[in-house]
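# Notes for the structure review
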Amino acid sequence: MGFKISLVLGAGYAAIWVATSVLSDGVTAIYALTNTAGDPENGLLVLRDSSKASCLICHNIASLPDRDQGRIGPALDGVATRYSEHDLRLRLIDARHINEKTVMPPYFSTENLFRVGQKWQGKTIYTAQEVEDVLAFLMGLED
Amino acid sequence: MKRLALILIICAAHAHAQTLAGSGPISGYDFMEPTTQQLQDDDFINPAFFLVDRGLALWDQPSPTNSKSCGNCHQDIETDMYDVSRQYPKYDTKLSKFINLEMKINSEIVNKLDASPLAPGSEDLLALTSLIGLQSRGLPMASASNAETQPWIERGNTIYKTKRGQLNLSCADCHQDHWGDRLRGDTISQGQINAFPIFRLIWGEVGSLQRMFTWCMNAVRSEPYNNDSDEYLALEAFLTKRAQGLTIETPGVRR
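Read on for a plain summary of the structure.

### Quick look at the sheet that holds strand β6 (residues 205–207) of chain B
Residues and elements named next belong to chain B.
- Pairing in this open sheet of three strands is mixed, and the strands run β6-β5-β7 from one edge to the other. The open sheet has two edge strands, β6 and β7 (252–254), and neither has a second partner. When the angles between neighbouring strand axes are averaged without regard to direction, this sheet yields 35°.
- Pairing of strand β5 (residues 198–200) with β6, which is carried by three bridges, proceeds in the antiparallel orientation. Counted as the bridge partner of R200 is E205 from β6.

### Describing the packing of aromatic side chains
All names here are of chain B.
- What the rule picks out here adds up to six aromatic pairs over all chains.
- Taken together, a centroid distance of 5.0 Å and an interplanar angle of 50° make the contact between Y160 and F238 tilted. With a gap of 78 residues between them, Y160 in helix α8 (residues 150–161) and F238 in helix α11 (residues 230–242) connect regions that are remote in the sequence.
- We classify Y160 as buried; its relative accessible area is 3%.
- The exposure class of F238 is buried, given its relative accessible area of 10%.
- Pairing F213 with Y232 gives two aromatic rings, centres 5.2 Å apart and planes at 55°, and the pair type is tilted. With F213 in helix α10 (residues 209–219) and Y232 in helix α11, this residue pair connects regions lying 19 residues apart in the sequence.
- The exposure class assigned to F213 is buried, which follows from its relative accessible area of 8%.
- You can call Y232 buried: its relative accessible area is 0%.
- Taken together through their ring pairs, the aromatic side chains of F213, Y225 and Y232 make up a single cluster.

### Points about the nonpolar core
Residue and element names in this part refer to chain B.
- In this structure, W59, I105, L235 and L239 are the most contacted members of the largest nonpolar core, which totals 53 residues.
- Going through the elements one at a time, α3 (49–59), β2 (97–99), α6 (101–111), α7 (123–134), α8, β5, α10 and α11 are the ones with two or more residues in this core.
- A domain-level breakdown of this core finds at least three residues from each of domain 1 (2–44 + 145–254) and domain 2 (49–134).
- The residues contacting L239, other than those within four sequence positions of it, are Y160, I193 and F213.

### Brief notes about empty space enclosed by the protein
Residue and element names in this part refer to chain B.
- For the structure shown, the criterion picks out two cavities of 30 Å³ or more.
- By volume, the largest cavity is sized at about 310 Å³.
- S85, Y88, I193, F196 and E236 are, among the 20 residues lining the largest cavity, the residues nearest its centre.
- At the level of secondary structure, the elements contributing two or more residues to the lining of the largest cavity comprise α6, α7, α10 and α11.
- Of the residues assigned to the lining of the largest cavity, the class counts are nine nonpolar, eight polar and three charged.
- Residues from two domains meet in the lining of the largest cavity; each of domain 1 (2–44 + 145–254) and domain 2 (49–134) gives at least three.
- By volume, the second largest cavity is sized at about 80 Å³.
- Lining the second largest cavity are E102, P120, G121, L125, L126, S208, Q210, N227 and D228.
- Of the residues belonging to the lining of the second largest cavity, the class tally is three nonpolar, four polar and two charged.

What counts, and where the lines are drawn
Residues numbered from 1 in each chain as written. Chains lettered and ligands numbered in written order. Predicted model: local features only at pLDDT ≥ 70, side-chain atom pairs only at ≥ 80, totals over all residues. Heavy atoms only, no water. Pairing = 2+ DSSP bridges. Helix = DSSP H or I, 4+ residues; strand = E, 2+ residues; numbered from the N terminus. Axes fitted to C-alpha atoms, helices over the stretch in contact; angles between N-to-C directions. Phe/Tyr/Trp six-rings, centres within 6.5 Å; stacked < 30°, edge-to-face > 60°. Buried < 20%, exposed > 50% of the residue type's maximum accessible area, 1.4 Å probe, protein only. Core = buried A, V, L, I, M, F, W, Y, C linked by side-chain atoms within 4.5 Å. Domains from an automatic or database assignment. Contact = heavy atoms within 4.5 Å. 1 Å grid on protein atoms, 1.4 Å probe; cavity = no way out; pocket = protein on both sides within 12 Å on 5 of 7 lines; lining within 4 Å. Points joined across faces, edges and corners; volume = space filled by probe spheres on them. Nonpolar A, V, L, I, M, F, W, Y, C, P; charged D, E, K, R; others polar.

Everything listed here is a matter of geometry and, on its own, says nothing about what the molecule does.
Shown next as structure tokens:
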């Protein structure tokens, strides 16, 4: 069981220490990124925001009225029934922890990326609070 | 009766999916809405033909330095430029370098017309590329599998499959592994290059293949490569090989 702390520069340049520990089965555990509880209402706004690589580009949420939702990733309906909060957070932060070849962008990581555009260098797609807010919304999507 | 109609629709959809799932490459045309396809189908309404007309005018325009024009040597465009564009990109023995059609046009402008090269992506270069490309329309895409081209194809293949940018996506992630899937309201195409230069509706103008590369790289929040860079040439070589057999549609119309 290892333990590491990595520095992540969030959008807006706020430096955040992310505590992670590698469990015996090799899976990384990541704890809540902020002390402020996630706000599901803001999470929905963030999730829909096309300037923030909207989840709806690739995923479908049937309970939302939004037209033209993507079908690349799995539908997110009932996602809170299928995954724990911890596992969903891990997927949001960096789904490469689960599948190295995933097509899901890492929403809160600046590591192991190639030729990031100048405008985006050192920045994450979501801020720490946005991860927690989107997560709070997703945790409401139960079957 | 309604049920029969439904069954027929399901069968038709299934047959369509079967065709799409076939092993051959599929043109971006097949992924367009019918209204976009119609724009390409008719040369009189295809907006890219404004540039073809401009190309025709440029063809006979005398150079300010030596008064020569393209037309002096290549009088009959349809005959002389037939099958020319699809030979590129290729290794040019005279220039001793691997080049695409745009670079060939510019080398002719510099060496034969004693004029300044046209800027990548400029209207004049797009006009000449469209005019020459049109003379290969209807022919199948071809790729030279010779010793000079092979390393470029291989390098392009690596670039194509390398994840990049803040969104950490490779070309292959979308256009090889997820074509046919819905990205927002659009169906992801195979990203085939058989219609360039294209009039792109979201640009509202004609753009080059390299402009498309840059657009895609910006879309995944990656630093694009420079125009005429080795990386873009390699990508073009690989994509030409990948499109082998697809009918050339230049100048095409896309979303």
